[in-house]
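Listed below are the residues making up each chain.
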Amino acid sequence: MALLEIKNLHVSVDGKKILNGLNLTVEKGQVAAIMGPNGSGKSTLAHVLAGKDDYEITEGSVLFEGEDLLSLSPDERAAKGVFLAFQYPLEIPGVATMMFLRTALNAQRKKRGQEELSAPDFNRRVFDAAAKLGIERDMLRRGVNVGFSGGEKKRNEVLQMALLEPKLAVLDETDSGLDIDALKIVSDGVNRLRSPERSFVVITHYQRLLDYIVPDVVHVLSKGRIVRTGGKELALELEAKGYAQYQEEMA
Amino acid sequence: MPAVQETVDQVRRIDVDQYKYGFETLIESDKAPKGLNDDTIRFISAKKNEPQWMLDWRLDAYRRWQTMREPTWARVHYPKIDYQDLYYYAAPKKKDGPKSLDEIDPEILETYRKLGIPLREQETLLGVQRPANEDGEDGEGATSGNGAERRVAVDAVFDSVSVATTFKEELAKAGVLFMPISEALQEHPELVKQYLGTVVPVTDNFFATLNSAVFSDGSFVYVPPGVRCPMELSTYFRINERNTGQFERTLIIADKGSYVSYLEGCTAPSRDENQLHAAVVELIALDDAEIKYSTIQNWYPGDKDGKGGIYNFVTKRGDCRGPRSKISWTQLETGSAITWKYPSCILRGDDSRGEFYSIAISNGHQQVDSGTKMLHLGKNTISRIISKGIAAGKSQNTYRGLVSAHRKAKGARNFTNCDSLLIGDKCGAHTVPYIEAKNASAVIEHEATTSKISEEMLFYCMQRGLSEEEAVALVVNGFVKDVLQTLPMEFAVEAQKLISVSLEGSVG
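Here we summarise the structure given alongside this text. Note that the structure is predicted; figures quoted are calculated from it, not measured.

This paragraph deals with the overall build of chain A. Assigned secondary structure in chain A consists of 10 helices and 12 strands. Summarising its shape, the C-alpha atoms of chain A cover approximately 55 × 40 × 35 Å along the three principal directions. Of all 251 residues assigned to chain A, the portion counted as buried reaches 55%. Within chain A, residue pairs in contact and separated by at least 24 positions form 69% of the contacts whose partners lie at least 6 positions apart. Surface exposure of chain A reaches about 10700 Å², of which carbon and sulfur atoms provide 47%.

Right, here's the structure in full:
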């Protein structure tokens, strides 16, 4: 059984149709890249998977491990193992990153009927994961994302991913706003988390990210549906030729 | 973070819209006849066996009150209060004042137990009933932690009278007087006479004048020169009787070089009709003395339709009378249908210092108009104001503050920071700062922000596994962190829980 199965998904925002009969299957352990031009529905897909309000789902289904994902609240989806790395991570003043991580992890564990982690056990896990991403301990004491640079915010997203150990990680334009060094650190972080037990949906506009996070499969999204699927070489083709042909095909 | 988790658990345990402290205690009470006139005041004064000068003071206040008008400048709206339709005095029925906790009506003790106020537990430490070395056997309620037990002396005020004061003997050893003000009038009339009404004069304002006429009880604290009060002092106020106003009067004097930290907590049963609370608190800090006054105000806020709740019209003022003295107000305001309250500092002594830290949370139909006044009279006086207002539901939350530097207040400095947080789109937050500088060397800084808990922020937290309520609690706790840290340790956790409980039902 596929981990994620999206069938004929139609989604509107304020009456405007964004996703238009999207079909997508992500296998367990697979890294699937979703590429597409601006306005093709990439971020909408990410938000709908995570359960954000404001999206009207008019048709279609999304199954996660065979279960209806769309009927679950965002926090229930998180506890089932759906993680979204935000394109623009939010700032939460006054809430130390460390406390945020702990609250999130324990909230998920509780929903899954697991014990809360002991403080030493938790601290060890965070410090290990943070060290690998080059995140200083001082940063963990600061308010969540407050005063963080773009690169620090994205590293913080990967830190959360490492700690929460999702089954499906959706990366929404994780490369946006990153210089090449930051891109490398973030990609290394993601690559370390690749495993046969974990799938990724990597959403990006540019092929550049896929040099570092090499996908098993590439899907092209245009005007709200997947219009082409291929191997990693498809990304290179897109880089060379652009999205124009797909936009015309649809027109 | 465990505290957040706990808070949410706590919220779950109580029903939505159910005020946790909304129970009523059935005890017989001794009331003054309804309404207000000279006889009511004579009745109260006679009940307390007061000296003639006290009665005269009250009658004078009453005469002046009759010439005054209820203030209307605050951003609060409520139906006209009929002052003749209230009881001004209600006391649990009892022959005399209780001599020990054993004589207190068990119903009242039970009430305080429900409120989580450890009167019983303190009894063991009163030394009344057992030899010093026989401790810890009592079991129930005794929080005998690792040796260093945190101790808080409690004065419990039920309706109009103080029912119990703990730790009196131990405090007496240090020379600290901590007792109901009615008792202080018997035992130390000269101290009361010397200081009462010197910070909040009889004619100060409509509600303070009313209080001066009819106040029934409250706490009195005197800390002698050079003494650091050995424990936290605390008063818990409970309004129980129907249609009863509570008019307590608190007077705290920190003599030269002394220090005291004082906390008050307040609750009331849930009732359909509104109840009036008009208190006066006066603080006096002499040379080099310091008073830290913290409030956790959790009066019944009314139901989800805005019915019932306490009208809280309170005058609190501290006088930094001596040089280098310091007064610090910290308040957590979560209850009351209407809050009208401006704890203030008169910075009279040179180099004196006033602080005001406030968290004011309004939900449902609550109306809060609260803030502070910092009056700089002495040279090089410093004040600091940190106010965090959180408005949810259909509530209105106003910060109103005055910072004033007088002609002689050379080198006066103030820093004000006012932040407002809105939850939902049916509430309002307002900031009304007044600034007056009458000399050129004063430095006054004012910062203010208004923000909203955005859908995006909640979604971010929920995507990480937090429920919506956990997410709101987390964001709000972050917002108020600076102020929470100024509360005494013992109460910070309680405060954190209370914040989550008061925001129950604020989303969705």
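So, next bit.
Contacts between the two partners involve 34 residues from chain A, matched on the other side by 24 residues from chain B. Between chain A and chain B, the buried area comes to about 2400 Å², and carbon and sulfur atoms account for 65% of it. Ranking the residues of chain A by area buried against chain B places K52, L90 and T103 of chain A at the top, with a combined share of 21%. Connecting chain A to chain B are two salt bridges. The closest approach of N and O atoms between R464 of chain B and E157 of chain A, which form a salt bridge, is 2.6 Å. Where chain A touches chain B, the interface holds 11 residue pairs in polar contact (both at pLDDT 80 or more). Taken together, the elements giving at least two residues each to the side of chain A that touches chain B come down to α1 (42-50), α2 (74-80), β6 (82-85), β7 (92-96), α3 (97-111) and α6 (150-164) of chain A. Considering every element that reaches the side of chain A that touches chain B, the biggest residue donor is α3 of chain A, with nine residues. Class assignment for the residues of the side of chain A that touches chain B results in 18 nonpolar, seven polar and nine charged.

On to the environment of E494 of chain B, then. Residue and element names in this part refer to chain B. Topologically, E494 is positioned in helix α13 (residues 489-502). What makes E494 partly exposed here is its relative accessible area of 31%. Between the alpha carbons of E494 and L332 there is a distance of 11 Å; along the sequence they are 162 residues apart. In contact with E494, not counting residues within four places along its chain, are Y236 and I296.

On to the sheet that holds strand β1 (residues 4-13) of chain A. Residues and elements named next belong to chain A. Across the sheet, which stays open at both edges, the four strands sit in the order β2-β1-β4-β5 with antiparallel pairing between neighbours. In the strand order of this sheet, the two ends are held by β2 (16-26) and β5 (67-68), each with one partner. Pairing of strand β4 (residues 56-64) with β5 involves two bridges; the strand directions are antiparallel. Following the sheet pairing, F64 is matched in β5 by E67.

Time to look at the packing of helix α10 (residues 455-463) of chain B against helix α11 (residues 468-479) of chain B. Think of two packed helices as two axes; the pair is described by the angle between the axes and how far apart they sit. Residue and element names in this part refer to chain B. The geometry of α10 relative to α11 is characterised by a closest axis approach of 9 Å and an angle of 115 degrees between their N-to-C directions. Of the two elements, α10 crosses α11, and the hand of that crossing is right-handed. Taken together, the residues of α11 that come into contact with α10 (itself represented by M457, L458, C461 and M462) are E468, A471, V472, L474 and V475. Taken together, the residues of the contact of α10 with α11 break down into eight nonpolar, no polar and one charged.

Residues and elements named next belong to chain A. On the basis of which strands lie adjacent, the open sheet formed by six strands has the order β6-β9-β10-β3-β11-β12 and mixed pairing. Each edge of the open sheet carries a strand with a single partner, namely β6 and β12 (225-230). Taking each pair of neighbouring strands and ignoring which way they run, the sheet shows an average axis angle of 20 degrees. In this sheet, strand β10 (residues 199-204) lies alongside strand β3 (residues 31-35) in parallel orientation, the contact comprising five bridges. Within the sheet, the bridge partner assigned to A33 lies in β10 and is V202. Contacting β6, β9 (168-172) and β10, α6 runs over the sheet at an angle of about 170 degrees to β6.

Reading the values: the criteria
- Residues numbered from 1 in each chain as written.
- Chains lettered and ligands numbered in written order.
- Predicted model: local features only at pLDDT ≥ 70, side-chain atom pairs only at ≥ 80, totals over all residues.
- Heavy atoms only, no water.
- Helix = DSSP H or I, 4+ residues; strand = E, 2+ residues; numbered from the N terminus.
- Buried < 20%, exposed > 50% of the residue type's maximum accessible area, 1.4 Å probe, protein only.
- Contact = heavy atoms within 4.5 Å.
- Areas by Shrake-Rupley, 256 points an atom, 1.4 Å probe, with all protein chains shown as cover.
- Buried area = accessible area lost by both parts, 1.4 Å probe.
- Salt bridge = Lys/Arg side-chain N within 4 Å of Asp/Glu carboxyl O.
- Polar contact = N/O pair within 3.5 Å; in protein donor to acceptor, adjacent residues only side chain to side chain.
- Nonpolar A, V, L, I, M, F, W, Y, C, P; charged D, E, K, R; others polar.
- Pairing = 2+ DSSP bridges.
- Axes fitted to C-alpha atoms, helices over the stretch in contact; angles between N-to-C directions.
- Left-handed = near helix turned anticlockwise from the far one by under 90°.

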